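# An overview of the molecular structure
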Amino acid sequence: MPLIIKDEYPEKLFREDGKRLDGRELNELRPIKMEVGVIKSADGSAYLEWGNNKVFAAVYGPREVHPHHLAKPDRGILRVFYRMATYSVFDRKRPAPGRREKEISMIVSDCLEPILFLELYPGTSFEIFIEVVDADGGTRCASTTVAALALADAGIPMKSLVSAIAVGKIDGKQVVDLSGIEDKAGDADLPIAITWYNEEISLLQFDGEMDLDEMTKFLDIAKDALSKIHQMQLVSLKSKYITLKEGEGEKKR
Ligand code: UDP
């Protein structure tokens, strides 16, 4: 596969028929597939394919905190470890976690912490390990979405799920769910996450240029896309239990 470097980005991000380079309409999501209970050694787990992104999340907890000095006497702690595999992108990624992975681990944790009842678990930790094995733009949103599913699969009490999506601007037009090339060669990128129990935004990052009116429109189109993702999360959680009830599949955990 070719190495994608900045100079080789396409001049236009729309085809002659007005569709995006991957054939999508402006407000069309990439194909999304979700499954829970995919890792038998974890307390809860989930797998997400989102376009060319492939992401696993494994949850452990509540359990003893290591190292012990991180434990808090009055509440549990949430630790998130986002990792992008060396082979997940065209240009080999350094195996050691870099600043970007630490930043994404932190923002995913910030998105998920409000939905947990950490005050009920003093002295313990919940850990979420996120492994991106194939990356093509929007992995922080995919990671947040799949990590919320893995928490639910672990049976951990939660106020609601969290869903995330990146909206943005390419060649001057507003689009949802930026692919890797749209993220890199586009004009603006706005990852957003929502906590459903209070419908509050728990992540809002921004890279690029836009005015306030555009920002308001972005939030509207993001909300529509986020609702679709939320529905898919609920269906994937329910489908595990329907399968088990009907005895059609082996128990996965
Ligand atoms: N990417 C890459 N090498 C890296 C980091 C990222 O090729 O070391 C690609 C990857 O496809 C990623 C995209 O760039 O999804 C956009 O990265 P960004 O940091 O904007 O985060 P993301 O959009 O994945 O949340």
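Positions within a chain are numbered from 1, following the residues in the order the chain's sequence is written. Per-residue local features of the predicted model are confined to residues with pLDDT of at least 70, and side-chain atom pairs are confined, for both listing and counting, to 80 or more; whole-chain, interface and lining totals are unaffected and use all residues. Excluding hydrogens and water, the side-chain figures rest on all heavy atoms present in the structure.

Ring pairs shown here join Phe, Tyr and Trp side chains whose ring centres sit within 6.5 Å, with only the six-membered ring taken for Trp; geometry is labelled stacked below 30 degrees between planes, edge-to-face above 60, and tilted in between. Inspection of every chain in the model, using the stated rule, returns four aromatic pairs. With a centroid separation of 4.6 Å and an interplanar angle of 35°, the aromatic rings of Tyr47 and Phe56 are classed as tilted. Per-residue accessibility, obtained with a 1.4 Å probe over protein chains only, is compared with the maximum for each type, and a residue is labelled buried under 20%, exposed over 50%, and partly exposed between these values. For Tyr47, a relative accessible area of 11% corresponds to the buried category. In this structure Phe56 comes out as partly exposed when scored by relative accessible area, which is 27%. Chaining the aromatic ring pairs together yields one cluster made of Tyr60, Phe81 and Phe129. The ring of Phe14 has Lys173 lying over it, and the distance from NZ or CZ to the ring centre is 4.9 Å. Criterion for a charge above a ring: Arg CZ or Lys NZ at most 6 Å from the ring centre, at most 35 degrees from the ring normal.

Moving on to the sheet that holds strand 5 (residues 124-134). Two strands make a pair as long as DSSP finds a minimum of two bridges between them. The way it works is that DSSP assigns letters per residue, a run of H or I at least four long becomes a helix, a run of E at least two long becomes a strand, and they are numbered from the N terminus. Here we have five strands laid out as an open sheet, ordered 1-2-3-5-4, and mixed in their pairing. What marks the edges here is a single partner per strand, and that holds for strand 1 (32-36) and strand 4 (77-84). Neighbour to neighbour, the strand axes of the sheet diverge by 15° on average, direction disregarded. One ladder, built from seven bridges, connects strand 2 (residues 44-50) with strand 3 (residues 53-64); its direction is antiparallel. Paired with Gly44 across the two strands is Val59, which belongs to strand 3. Contacts between residues were defined by any pair of non-hydrogen atoms, one from each residue, lying within 4.5 Å. Angles here are taken between N-to-C directions and fall from 0 to 180 degrees, while the axes themselves are lines fitted to C-alpha atoms, restricted in helices to the stretch in contact. Lying on the sheet, helix 1 (residues 99-112) is in contact with strand 4 and strand 5; it crosses strand 4 at an angle near 140°. In the packing of helix 2 (residues 139-153) onto the sheet, the strands contacted are strand 1, strand 2, strand 3, strand 4 and strand 5, and the crossing angle to strand 2 comes to about 150°.

A separate point is the pairing of strand 9 (residues 200-204). With four bridges connecting them, strand 8 (residues 188-195) and strand 9 associate as antiparallel partners. Across the sheet, Ile192 pairs through a bridge with Leu204, a residue of strand 9. As consecutive antiparallel partners, strand 8 and strand 9 are separated by four residues, and within that stretch Glu199 has a phi angle of approximately 55°, a positive value.

Criterion for a disulfide: a pair of cysteine sulfur atoms within 2.5 Å. Summed over the entire model, instances satisfying the criterion amount to zero disulfides. For the unlinked cysteine Cys111, the closest cysteine sulfur is that of Cys141, found at 8.4 Å. On the accessibility criterion, Cys111 (1% relative accessible area) is buried. Judged by relative accessible area, which is 2%, Cys141 ranks as buried.

Okay, the pairing of strand 3 next. Here strand 2 folds back onto strand 3 in antiparallel fashion, the turn holding two residues, of which Gly51 has a positive phi close to 60°. As paired strands, strand 3 and strand 5 are joined by nine bridges and run antiparallel to one another. Paired with Tyr60 across the bridge in strand 5 is Glu127.

Every one of the 13 residues lining the ligand counts as a neighbour, but Arg100, Gly137, Gly138, Thr139 and Arg140 are closest to it. Between an oxygen atom of the ligand and a main-chain N or O atom of Ala135, the distance comes to 3.3 Å. Gly138 places a polar main-chain atom, nitrogen or oxygen, 2.8 Å from an oxygen atom of the ligand. Protein chains shield 79% of the accessible area of the ligand, which is 510 Å² for the free molecule. Just so you know the grouping, Ala, Val, Leu, Ile, Met, Phe, Trp, Tyr, Cys and Pro go in nonpolar, Asp, Glu, Lys and Arg go in charged, and all remaining residues, Gly too, go in polar. When grouped by side-chain class, the residues that make up the shell around the ligand number three nonpolar, three polar and seven charged. Residues are labelled near a given molecule or strand when at least one of their non-hydrogen atoms is within 4 Å of it. Contacts described as polar in this section are N or O atom pairs within 3.5 Å, which, within protein, must combine one atom able to donate a hydrogen with one able to accept it, while residues neighboring in sequence count only if both atoms come from side chains. Throughout, the Shrake-Rupley method with a 1.4 Å probe supplies accessible areas, and for residues the shown protein chains are the sole cover considered.

Here the focus is the packing of helix 1 against helix 2. Direction vectors running N to C along helix 1 and helix 2 enclose 45°, while the axes themselves pass 10 Å from each other. Between helix 1 and helix 2, the interaxial angle falls into the category oblique. Handedness of the crossing formed by helix 1 with helix 2: right-handed. Residue-level contacts link Arg100, Glu103, Ile104, Ile107, Val108, Cys111 and Leu112 of helix 1 to Thr139, Arg140, Ser143, Thr144, Ala147, Ala148 and Leu151 of helix 2. In what follows, roughly perpendicular refers to angles from 65 to 115 degrees, roughly parallel to angles under 35, roughly antiparallel to angles over 145, and oblique to any angle outside these ranges. Left-handed describes a crossing whose near helix is turned anticlockwise from the far helix through less than a right angle; right-handed describes the clockwise counterpart.

Counted as salt bridges are all cases of a side-chain nitrogen of Lys or Arg within 4 Å of a carboxyl oxygen of Asp or Glu. Under the definition given, this model contains 18 salt bridges. The partner of Glu199 in a salt bridge is Lys223, and the shortest N-O contact between them spans 3.0 Å. Of this pair, Glu199 sits in the loop between strand 8 and strand 9 while Lys223 sits in helix 4 (residues 212-246), placing them 24 residues apart in sequence. Between Lys228 and Asp224 there is a salt bridge, with its nearest N and O atoms 4.0 Å apart. Taken together, the residues span about one helical turn, with Lys228 and Asp224 both in helix 4 at a distance of four residues. Owing to a relative accessible area of 37%, Lys228 belongs among the partly exposed residues under this scheme. The exposure class assigned to Asp224 is partly exposed, which follows from its relative accessible area of 45%.

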